[in-house]
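As a plain string of letters, each chain reads:
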Amino acid sequence: MKHFIVIDGGTQNIKAFVFDEKGNEVHGEAHPVNPYFAAQPDFAEQDAEEYLSITREVARKAVAEAGAPREEIAAIAITTHRSTIVPIGDDGRPVRPAITWLDERKTEGLTMPGGSLMSLAFRVSGMLPTLKEYQRRAKFNWLREHEPQSYERTRIFLTISSYIFYALTGEFRDCSSMIVGLFPIDLKGLQWHPRKVVYDVLGVGRDRLPPLVSPTDVAGTVSEEGAREFGVPQGLPVIIGAGDKQSELLGAGATSSDIAEISYGTAAVIEVLSDRYVTHPRMDFFTWGAAIPRHWALEGFVGRGYWMVSWFKKQFAHLEEEEAQKLGEEPEEVLNREIRDIPPGSMGLMLQPYWHARENDPLSKGAIIGFSGEHGRAQV
């Protein structure tokens, strides 16, 4: 019987699984990671080398504990959190920490490329405010302006998925359905953008981005070093799947547009599949490449949706964490018991969940309103 290895690199946890050819989980391993550290307000960075080290360890454990004969392992697939930038130098190592998708740094005072004539064309078309905001928020521009040495030392900009793929194979590639956010991608064509001005606005050259493959393509094979580090057979085919949210959509069985899927992750997401490229003029939903080739995932997004559970535990649930430790339970189980008898609506308490600003409303903030004397931590 064939077996398949899957690496799932999340924002807060790294997991590796071995499945049989019928989709049954044979064994899985997981290890938590620090979702980010912040050297300054609005920053959110991860140690990419530490992240990779944990990924290797988790993969080795999953393969060893699964006990599947090595000759029966057919392929390894990768899915990860998206829109995290890993700048890689000539030595194949990150030149600085990865800038994660939670990062909100911006670069002020930039001029639009192409001079006054191009700016006029953008203004006439109505695109200038949007492009200026993209330019302001692009991490490539921030690196060029604030860390020019890091930028110049960068041979190629990878995502977490392509960084793991590089460690496995020694090659640079990524998946067209992994690229989301402020990258110069043509989402309708699911390829790097054909227009140079897009690269100029975002501050990165095409030559510093890896080739893109389909989520069903064999992107490469495991190298000798990759086999040793990850505990998998050398020469094993490697697939870079779609991003974690698009992969969840497929995994939930949403293979037609009449099924929606809700994702309980660091980002809270609701998605549907589309066989047409559809966008929203005010970006009330996003459109990314799906896990099925030539399809798209339409995604409603709350940036730090279920990260707020971790935030609440850290800030307000010390008593519950102590009780959970005594009982040998997860703190969430204790919290679940505390809220069991609270009616829906939390007695009028309302939450505006923008602990991470909405992409189409950068000034949006989170709020909890409607407090009265009857409210306590359980309602929050």
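Everything that follows concerns the structure shown earlier in this document.
Since the structure is predicted, the reported quantities are computational estimates derived from the model, not experimental observations.

Undergrad: I would appreciate a short explanation of the overall build of the chain in the present structure.
TA: Counting secondary structure elements, the chain contains 12 helices and 20 strands. Taken over C-alpha atoms, the radius of gyration comes to 22 Å for the chain, in line with the 21 Å a tight globule of 380 residues would show. Considered along the principal axes of its C-alpha atoms, the chain spans approximately 65 × 60 × 45 Å. Accessible surface computed for the chain: about 18800 Å², of which carbon and sulfur atoms make up 51%. Charge-centre separation for the chain: the mean point of 40 positive side chains lies 6 Å from the mean point of 53 negative side chains.

Undergrad: I keep staring at the sheet that holds strand β1 (residues 3-9) and nothing clicks. Help me out?
TA: Two strands in a sheet stick together by hydrogen bonds in their backbones, pointing the same way (parallel) or opposite ways (antiparallel). An order of β3-β2-β1-β5-β14-β13 is seen for the six strands of this open sheet, with the pairing classed as mixed. For this open sheet the edge positions go to β3 (25-32) and β13 (220-221), each flanked by a neighbour on one side alone. As paired elements, strand β5 (residues 73-80) and strand β14 (residues 237-240) share three bridges and run parallel to each other. Looking at the pairing, I78 lines up with I240 of β14.

Undergrad: Explain the layout of surface pockets to me, please; I cannot follow it from the model alone.
TA: Once rolled over the atoms, a probe with the size of a water molecule shows which space is left empty. Within this model, the second largest pocket holds a volume of roughly 700 Å³. Of all elements in the fold, only α10 (307-316), α12 (331-339) and β19 (350-352) reach the threshold of two or more residues within the lining of the second largest pocket. Residue classes in the lining of the second largest pocket are distributed as 17 nonpolar, four polar and four charged.

Undergrad: Which parts of the structure should I look at to understand the environment of E299?
TA: As for its placement among the helices and strands, E299 is situated in strand β18 (residues 296-302). We classify E299 as buried; its relative accessible area is 1%. Separated by 14 residues in sequence, E299 and F285 place their C-alpha atoms 5.2 Å apart. Sequence-distant contacts of E299, defined by excluding residues within four places in its chain, comprise R82, K245, V269, I270, E271, F285, F286 and W288. Looking at E299, its side chain comes within polar contact range of the side chain of R82, at 2.9 Å.

Undergrad: Is there a simple way to think about the sheet that holds strand β15 (residues 260-264) in this case?
TA: The strand order across the open sheet built from four strands is β15-β16-β18-β17, with neighbouring strands paired in antiparallel fashion. Each end of this open sheet is capped by a strand with a single partner; those strands are β15 and β17 (286-289). Strand-to-strand twist in this sheet, taken as the mean axis angle between neighbours without regard to direction, amounts to 30°. This element, helix α9 (residues 244-251), spans β15, β16 (268-274), β17 and β18 of the sheet and lies at about 65° to β16.

Undergrad: What is the right way to read the packing of helix α1 (residues 48-66) against helix α6 (residues 160-169) from this model?
TA: The axes of two packed helices give the description: the angle between them and the distance between them. Contact geometry for α1 and α6: axes closest at 11 Å, N-to-C directions at 60°. One element, α1, and the other, α6, form an angle in the oblique class. Like other packed secondary-structure pairs, α1 and α6 cross with a definite hand, here right-handed. Counted together, A48, E49, Y51, L52, T55 and R56 of α1 and I160, Y163, I164 and A167 of α6 form the full contact between these two elements. Among the residues forming the contact of α1 with α6, the class breakdown is seven nonpolar, one polar and two charged.

Undergrad: Hey, could you run me through the nonpolar core in this one?
TA: Nonpolar side chains tend toward joint burial in soluble globular proteins. Ranked by internal contacts, the top residues of the largest apolar core, which has 41 residues, are I76, I164, L168, F230 and V232. For this core, the element with the most residues is α1, which contributes nine residues. Setting aside its immediate chain neighbours within four residues, F230 contacts I7, L52, T55, R56, A59, R60, I164, A167 and L168. By size, the runner-up hydrophobic cluster in this structure holds 19 residues, among which are W142, L143, Y151 and F157.

Undergrad: Help me understand the pattern of salt bridges in this model?
TA: It is possible for side chains of opposite charge to pair when their charged atoms get near one another. Following the criterion strictly, the structure yields 19 salt bridges and no others. The residue R105 makes a salt bridge to D103 at a minimum N-O spacing of 2.8 Å. Here the two residues R105 and D103 agree in accessibility, since each one is buried. Residue E171 is joined to R173 by a salt bridge in which the shortest nitrogen-to-oxygen separation is 2.6 Å.

Undergrad: I would appreciate a short explanation of α6 in the present structure.
TA: An α-helical segment advances 3.6 residues per turn. Residues three or four places apart therefore align on the same side. Burial analysis of α6 places nine of its 10 residues in the buried class, which makes it a mostly covered element. All of the buried residues in α6 are I160, S161, S162, Y163, I164, F165, A167, L168 and T169. Positive backbone phi, at 80°, marks G170, one or two positions downstream of α6.

Undergrad: Would you mind going over the packing of aromatic side chains with me for this structure?
TA: Taken as a whole and assessed by the stated rule, the structure comprises 14 aromatic pairs. Geometry around F43 places R105 over its ring, the cationic atom sitting 3.7 Å from the centre. Sitting above the plane of the W307 ring, R304 keeps its charged end 5.0 Å from the centroid.

Undergrad: It is not clear to me how the environment of A267 should be interpreted in this structure. Could you clarify?
TA: Checked against the element boundaries, A267 lands in the loop between β15 and β16. Judged by relative accessible area, A267 falls into the buried class, the value being 4%. The sequence separation of A267 and E49 amounts to 218 residues, and the corresponding C-alpha distance is 23 Å. Not counting chain neighbours up to four residues away, the residues in contact with A267 comprise W101, K245, F301, V302, G303 and G305.

Rules used in this analysis
Residues numbered from 1 in each chain as written. Predicted model: local features only at pLDDT ≥ 70, side-chain atom pairs only at ≥ 80, totals over all residues. Heavy atoms only, no water. Helix = DSSP H or I, 4+ residues; strand = E, 2+ residues; numbered from the N terminus. Rg over C-alpha atoms; globule rule 2.2 N^0.38 Å. Areas by Shrake-Rupley, 256 points an atom, 1.4 Å probe, with all protein chains shown as cover. Lys, Arg positive; Asp, Glu negative; His and termini not counted. Charge placed at Lys NZ, Arg CZ, Asp CG, Glu CD. Pairing = 2+ DSSP bridges. 1 Å grid on protein atoms, 1.4 Å probe; cavity = no way out; pocket = protein on both sides within 12 Å on 5 of 7 lines; lining within 4 Å. Points joined across faces, edges and corners; volume = space filled by probe spheres on them. Nonpolar A, V, L, I, M, F, W, Y, C, P; charged D, E, K, R; others polar. Buried < 20%, exposed > 50% of the residue type's maximum accessible area, 1.4 Å probe, protein only. Contact = heavy atoms within 4.5 Å. Polar contact = N/O pair within 3.5 Å; in protein donor to acceptor, adjacent residues only side chain to side chain. Axes fitted to C-alpha atoms, helices over the stretch in contact; angles between N-to-C directions. Parallel < 35°, antiparallel > 145°, perpendicular 65-115°, else oblique. Left-handed = near helix turned anticlockwise from the far one by under 90°. Core = buried A, V, L, I, M, F, W, Y, C linked by side-chain atoms within 4.5 Å. Salt bridge = Lys/Arg side-chain N within 4 Å of Asp/Glu carboxyl O. Phe/Tyr/Trp six-rings, centres within 6.5 Å; stacked < 30°, edge-to-face > 60°. Lys NZ or Arg CZ within 6 Å of the ring centre and 35° of its normal.

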